[in-house]
Amino acid sequence: MTDPIHTGGVCALVLAGGRSRRMGRDKALLSMDGATLLERAAAFWHAVPEIGRVIVSAGEDGHLETLPPETAAVTDLYPGCGPMAGLHAAFVRTDAELLYVSAVDMPFLAREAILPPPRGDAAVYVKDGRPEPLFGVYRRSCLPALEAALRAGERKMTALLARLDTEYVPLPETLAPMLSNLNTRADFLRAIAGQPPLVAFMGWSGSGKTTFLEKLLPVLTAHGLRIAILKDDGHGFRMDTPGKDTYRLAAAGAVCTAISGPNGWAVLGKEPISPEELRQKLPPVDLILAEGFKYAAYPKVEIHRLATGKPFITHDATLLAAVTDEPLDTDAPQLGLEDAEACAVLLMQTFFPKKGAKS
């Protein structure tokens with residue numbers, strides 16, 4: 001047995017040793033806002049002053065060979081036994097008296113969700129009548145019960161909590177989104193889409209992005225959605241008319257011009273703006289469809305046409321669907337260039353599951 005990892009008595013444990021079966025790829029390595037979920041989780045705990053060290057439960061040997069800075073990994077002494085084995089290994093292989101625990105797939109954590117140290121062995125939230133054992137605080141006094149449960153073949157964390165002196169704290173409604181897990185591909189796509197959801201319809205020039213959106217928009221509108229379109233033009237554009245008042249005032253130095261009338265309104269800015277900033281300036285809508293943004297970190301529907309002679313672009317977890325006229329090597333749904341109805345159903349089922357769209 002190697003020397004224990006020194007933690008100062010209090011450390012955070014990021015549970016990242018799972019096999020991510022429902023996601024289809026390692027959740028810890030999924031990227032969100034420019035960082036992996038593991039990097040986000042480590043950064044969250046590093047910012048908490050009470051935490052002496054951040055430990056990563058890496059599961060089996062060889063998993064997560066690259067770790068975020070200033071973290072240490074522990075591997076399971078009881079392989080294949082899930083989060084309970086990770087918690088056990090963290091106590092055995094560190095000198096921590098207190099472990100603040102979170103799952104790696106909780107990207108929305110905030111400081112106000114952190115529970116105070118328990119009077120007994122553990123403290124966890126209760127959501128909809130069920131304990132949430134993957135975000136809580138555990139004392140070293142849990143170790144005998146952990147050892148006994150694992151030797152007996154018990155893997156359920158809720159069963160462990162029942163063995164312990166556990167404080168069950170009702171989860172305030174305002175904190176519920178912070179404890180959301182990204183268990184499936186749809187969960188991840190909803191997380192990176194934001195609110196209102198933004199989905200990029202992208203592909204090479206000539207692939208038919210605008211044509212497909214023209215078919216898709218009436219179908220989504222028939223489902224009762226209000227839709228906004230964002231267009232990415234990397235070559236620059238002009239929407240104002242030379243000689244008109246707004247053009248003249250912009251030329252005189254206005255950073256932004258706006259015009260309104262009985263048939264609509266427009267705002268024209270002269271400076272670059274990000275999709276997120278644009279999202280905040282739109283009127284209330286249900287869904288934003290962005291044409292372009294092929295390399296942005298949003299859910300993507302890639303339009304692929306054989307005649308362009310260009311390769312398929314998106315091979316990561318941001319791909320919601322491929323709209324294509326030839327079979328592709330991807331595990332995402334593949335739709336035909338005329339399948340606007342099927343694409344609408346997929347969008348509804350992914351981003352508005354409560355509306356009950358059916359194929």
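Scroll up for the structure.
Residues numbered from 1 in each chain as written. Predicted model: local features only at pLDDT ≥ 70, side-chain atom pairs only at ≥ 80, totals over all residues. Heavy atoms only, no water.

Draft legend 1. How the structure looks around the sheet that holds strand E14 (residues 287-291). Spatially, 6 strands are ordered E11-E14-E10-E15-E16-E17 in an open sheet, and the strand pairing comes out parallel. Because the sheet does not close on itself, it has two edges, and the strands there are strand E11 (227-231) and strand E17 (334-335). Pairing geometry for E11 and E14, over 5 bridges, is parallel. Considered in E14, the bridge of Leu230 is made with Ala290. Sitting on the sheet, helix H6 (residues 209-222) touches strand E10 (198-202), E11, E14, strand E15 (300-304) and strand E16 (319-324), and the angle it makes with E14 is about 170°. (Pairing = 2+ DSSP bridges. Helix = DSSP H or I, 4+ residues; strand = E, 2+ residues; numbered from the N terminus. Contact = heavy atoms within 4.5 Å. Axes fitted to C-alpha atoms, helices over the stretch in contact; angles between N-to-C directions.)

Draft legend 2. Fine view of the pairing of E10. Among the 5 residues in E10, 5 count as buried, and that is most of the element. Alternating residues of E10 divide into Leu198, Ala200 and Met202 and Val199 and Phe201, and every residue in both groups is buried. Bridge analysis of E10 against E14 gives 4 bridges, and the strand direction is parallel. For Leu198, the partnering residue across the bridge sits in E14 and is Ile288. Judged from the 3 bridges that link them, E10 and E15 form a sheet pairing that is parallel. Each residue of the ladder has a partner; that of Ala200, found in E15, is Lys300. (Buried < 20%, exposed > 50% of the residue type's maximum accessible area, 1.4 Å probe, protein only.)

Draft legend 3. Looking closely at the nonpolar core. Formed by 70 residues in total, the largest nonpolar core has its most connected members in Trp45, Phe135, Val199, Phe201, Leu216, Leu320 and Leu347. Not counting residues within four places of it along the chain, the set of residues in contact with Leu347 comprises Val199, Phe201, Leu216, Leu220, Leu320 and Phe352. The next biggest cluster of nonpolar side chains, apart from the first, holds 30 residues, and it includes Ala89, Phe91, Leu146 and Ala149. (Core = buried A, V, L, I, M, F, W, Y, C linked by side-chain atoms within 4.5 Å.)

Draft legend 4. View of the packing of aromatic side chains. All told, the structure shown has 5 aromatic pairs when counted by the stated rule. When the centroid spacing of 6.2 Å and the interplanar angle of 25° are considered together, the rings of Trp45 and Phe135 count as stacked. Residue Trp45 is found in helix H1 (residues 37-46), and its partner Phe135 is found in strand E8 (residues 130-139); the two are separated by 90 residues along the sequence. Relative to Phe135, the ring of Tyr125 has its centre 6.4 Å away and its plane inclined at 5°; by these criteria the two rings are stacked. Here Tyr125 is found in strand E7 (residues 122-127), whereas its partner Phe135 is found in strand E8, with 10 residues between them in sequence. By the burial criterion, Tyr125 is buried, and Phe135 matches it. Every member of this aromatic cluster is reached through a ring pair, and the members are Phe44, Trp45, Tyr100, Tyr125 and Phe135. Looking at Lys310, its charged tip hangs above the ring of Trp204, at a distance of 5.2 Å from the centre. (Phe/Tyr/Trp six-rings, centres within 6.5 Å; stacked < 30°, edge-to-face > 60°. Lys NZ or Arg CZ within 6 Å of the ring centre and 35° of its normal.)

Draft legend 5. Geometry of the layout of surface pockets. Roughly 1,100 Å³ of volume is contained in the second largest pocket. Contributing to the lining of the second largest pocket are 38 residues, with Gly18, Arg19, Gly82, Pro83 and Leu134 lying nearest its centre. Breaking the lining of the second largest pocket down by element, the ones donating at least two residues are strand E4 (53-59), helix H2 (82-93), E8 and helix H4 (157-163). In terms of residue count, E8 provides more of the lining of the second largest pocket than any other element does, 5 residues in total. Here the residues of the lining of the second largest pocket sort into 14 nonpolar, 12 polar and 12 charged. (1 Å grid on protein atoms, 1.4 Å probe; cavity = no way out; pocket = protein on both sides within 12 Å on 5 of 7 lines; lining within 4 Å. Points joined across faces, edges and corners; volume = space filled by probe spheres on them. Nonpolar A, V, L, I, M, F, W, Y, C, P; charged D, E, K, R; others polar.)

Draft legend 6. Local environment of the side chain of Thr350. You can see Thr350 is positioned in helix H9 (residues 340-351). Judged by relative accessible area, which is 6%, Thr350 ranks as buried. Looking at Thr350, its side chain comes within polar contact range of the main-chain oxygen of Leu346, at 2.8 Å. Those residues in contact with Thr350 that sit more than four places away from it in its chain are Ala186, Leu189, Arg190 and Leu320. (Polar contact = N/O pair within 3.5 Å; in protein donor to acceptor, adjacent residues only side chain to side chain.)

Draft legend 7. The arrangement of the sheet that holds E8 in detail. Here 7 strands make up an open sheet; going across it, the order is E5-E4-E1-E6-E8-E7-E9 and the pairing mixed. Where the open sheet ends on each side, the last strands, each with one partner, are strand E5 (71-75) and strand E9 (166-170). For this sheet, the mean inter-axis angle between neighbouring strands, taken without regard to orientation, is 30°. Together, strand E1 (10-15), E4, E5, strand E6 (98-103) and E8 form the strand contacts of H2, whose direction differs from that of E1 by roughly 150°.

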